[in-house]
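# Structure at a glance
Here's the letter readout for the chains.
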Amino acid sequence: MKSDEKKERAALAALEQVRGGMTLGVGTGSTVNFFIDALAARAPDLKAVVSSSEASTTRMQGHGIRVTELARTADIDLYVDGADEATQHRYLIKGGGGALTREKIVAGASRRFVCIADDTKLVGVLGKFPLPVEVIPMARSYVARQMFRFGGQPIWREGFITDNGNEILDVHNLRITDPPALETELNQIPGVVTVGIFAHRPADELLMADDEGVRSI
Ligand code: 5RP
C-alpha cells in the first residue's frame with residue numbers, strides 16, 4: 001500500500017475520535033492534511049478549532065472551517081497531529097514541516113494528543129530523522145556549535161523562516177536513547193526556542209497505519 005493511503009487511513013481513524021462540542025487542535029503536515037479534508041467533509045459541530053501553523057490555518061479556512069486563536073480558547077479536548085518519528089513509548093520527533101513550536105504549545109494545551117502516521121515512522125531509537133531545532137536567528141551559529149557537543153551535525157535549513165520568524169537547524173546523527181533527558185538539556189541552550197523532541201509531552205495514542213489496518217499504541 002502506498003504511503004499516502006496509509007496516512008489517509010490513520011487520519012480517518014483519528015476522525016472517529018472527534019465529537020461534537022469539542023475544542024479540537026489540528027497539527028501540520030501531509031498526514032494532517034488528510035485529516036483536515038476529511039474533517040471538512042464530515043463537518044462536526046465543534047466548539048472551536050485551533051491550528052498549529054499558518055499552513056493548516058489556510059487549508060482549513062479554504063474549507064470554510066473557522067479557526068480560533070489558542071489565546072482565546074480554554075484547554076483543547078483533542079489534538080491530532082503527525083510525526084517524523086515515533087517510538088513505542090509514544091515519544092516523537094516533530095518539526096519536519098517546521099511547525100514544531102506551535103505544535104508543542106498546542107500539544108501542551110491539550111487534554112489528549114493523538115498522533116497519526118504510517119508505519120515507516122515507527123522506530124526503536126529516535127534520531128535517524130534529523131532533529132529540528134527552532135532557534136532565534138542571532139543564535140544560529142552559537143546553537144549549531146553547541147550541537148556538536150552532543151554528537152550531532154547541525155545543518156541550517158537555509159531560506160526557511162518559521163511562523164514565529166525564527167530559523168531551523170536540522171541536527172543529524174543524534175542517537176536519542178533518553179528522549180526526556182535530551183529534550184531538557186537542549187532546551188537549556190540560550191537561543192533555542194523549541195527542540196523537536198516531544199517526550200515531556202508525548203502522544204497519548206499513536207495511530208499507525210500499515211498494510212493490515214490501523215494499529216493503536
Ligand atoms: C510538522 C510536523 C509534522 O507532523 C511531521 O513533519 C510529519 O509530517 P508528514 O505528515 O507530512 O509526514 O511535525 O512540523
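Since this is a predicted model, take the numbers as computed values, not measurements.

### Focus on the packing of helix H1 (residues 3–15) against helix H2 (residues 30–42)
The interhelical angle for the contact between H1 and H2, taken along N-to-C directions, is 50°, at an axis separation of 8 Å. The angle between the axes of H1 and H2 places the two elements in the oblique class. H1 and H2 meet at a crossing whose hand is right-handed. Where H1 abuts H2, its residues Asp4, Lys7, Glu8, Ala11, Leu12, Ala14 and Leu15 lie against Ser30, Thr31, Phe34, Phe35, Ala38, Leu39 and Arg42. A per-class count over the contact of H1 with H2 returns eight nonpolar, two polar and four charged.

### Some words on the site of the ligand
Close to the ligand lie 17 residues; Ser30, Thr31, Asp84, Gly95 and Lys121 are nearest. Taking Thr28, its main chain carries an N or O atom lying 3.1 Å from an oxygen atom of the ligand. Between the ligand and Asp84 there is a distance of 2.6 Å, counted from an oxygen atom to a side-chain nitrogen or oxygen. Partitioned by chemical class, the residues of the shell around the ligand number two nonpolar, nine polar and six charged.

### Brief notes about the environment of Gly191
Within the element layout of this structure, Gly191 appears in the loop between helix H6 (179–187) and strand E10 (192–195). Residues Gly191 and Asp45, spaced 146 residues apart in sequence, show a C-alpha to C-alpha distance of 41 Å. Not counting the four nearest positions on each side in its chain, Gly191 is found in contact with Glu134, Val135, Ile136, Ala139 and Val143.

### A word on the domain arrangement of the chain
We note that the domain assignment places domain 1 (3–122 + 200–216) and domain 2 (131–193) within the chain. Distance from the C-alpha centre of domain 1 to the C-alpha centre of domain 2: 24 Å. With 14 residues of domain 1 at the contact, the number on the domain 2 side is 16 residues. Between domain 1 and domain 2, the buried area comes to about 1200 Å², and carbon and sulfur atoms account for 53% of it. At the surface where domain 1 touches domain 2, the tally comes to one salt bridge. Glu183 is the salt-bridge partner of Lys104, the closest N and O atoms lying 2.6 Å from each other. The interface formed by domain 1 and domain 2 includes ten residue pairs in polar contact (both at pLDDT 80 or more). The greatest single-element share of the side of domain 1 that touches domain 2, amounting to four residues, is contributed by helix H4 (residues 100–108). Among the residues forming the side of domain 1 that touches domain 2, the class breakdown is three nonpolar, seven polar and four charged.

### Looking at the sheet that holds strand E4 (residues 85–86)
Overall, antiparallel pairing links the three strands, which are arranged E4-E5-E11 in an open sheet. Of all the strands in the sheet, the pair left with one neighbour each is E4 and strand E11 (197–198).

### Examining the pattern of salt bridges
Tallying each qualifying case throughout the model produces twelve salt bridges. Where Arg140 meets Glu167, a salt bridge forms, and the shortest distance between an N and an O atom there is 2.7 Å. You can see Arg140 sitting in helix H5 (residues 140–149) and its partner Glu167 sitting in strand E9 (residues 167–172), a full 27 residues away along the chain. Given a relative accessible area of 10%, Glu167 falls into the buried group. In this structure, Arg157 and Asp170 form a salt bridge, with 2.8 Å as the shortest nitrogen-oxygen distance. With Arg157 in the loop between strand E8 (153–156) and E9 and Asp170 in strand E9, the pair connects residues that are 13 residues apart, well separated along the chain. On the basis of relative accessible area, Arg157 is assigned to the buried category, the value being 16%.

### Comments concerning a nonpolar patch on the surface
Residues Ile136, Met138 and Val193 make up a contiguous nonpolar surface patch of roughly 300 Å² in combined accessible area. Relative to the elements of secondary structure, Ile136 occurs in the loop between strand E7 (131–135) and H5. Overall, Ile136 belongs to the partly exposed group, its relative accessible area being 36%.

What counts and how
- Residues numbered from 1 in each chain as written.
- Predicted model: local features only at pLDDT ≥ 70, side-chain atom pairs only at ≥ 80, totals over all residues.
- Heavy atoms only, no water.
- Axes fitted to C-alpha atoms, helices over the stretch in contact; angles between N-to-C directions.
- Helix = DSSP H or I, 4+ residues; strand = E, 2+ residues; numbered from the N terminus.
- Parallel < 35°, antiparallel > 145°, perpendicular 65-115°, else oblique.
- Left-handed = near helix turned anticlockwise from the far one by under 90°.
- Contact = heavy atoms within 4.5 Å.
- Nonpolar A, V, L, I, M, F, W, Y, C, P; charged D, E, K, R; others polar.
- Near = heavy atom within 4 Å.
- Polar contact = N/O pair within 3.5 Å; in protein donor to acceptor, adjacent residues only side chain to side chain.
- Domains from an automatic or database assignment.
- Buried area = accessible area lost by both parts, 1.4 Å probe.
- Salt bridge = Lys/Arg side-chain N within 4 Å of Asp/Glu carboxyl O.
- Pairing = 2+ DSSP bridges.
- Buried < 20%, exposed > 50% of the residue type's maximum accessible area, 1.4 Å probe, protein only.
- Patch = residues over 30% accessible without salt bridge, like charges linked within 9 Å, V, L, I, M, F, W, Y side chains within 5 Å.
- Areas by Shrake-Rupley, 256 points an atom, 1.4 Å probe, with all protein chains shown as cover.

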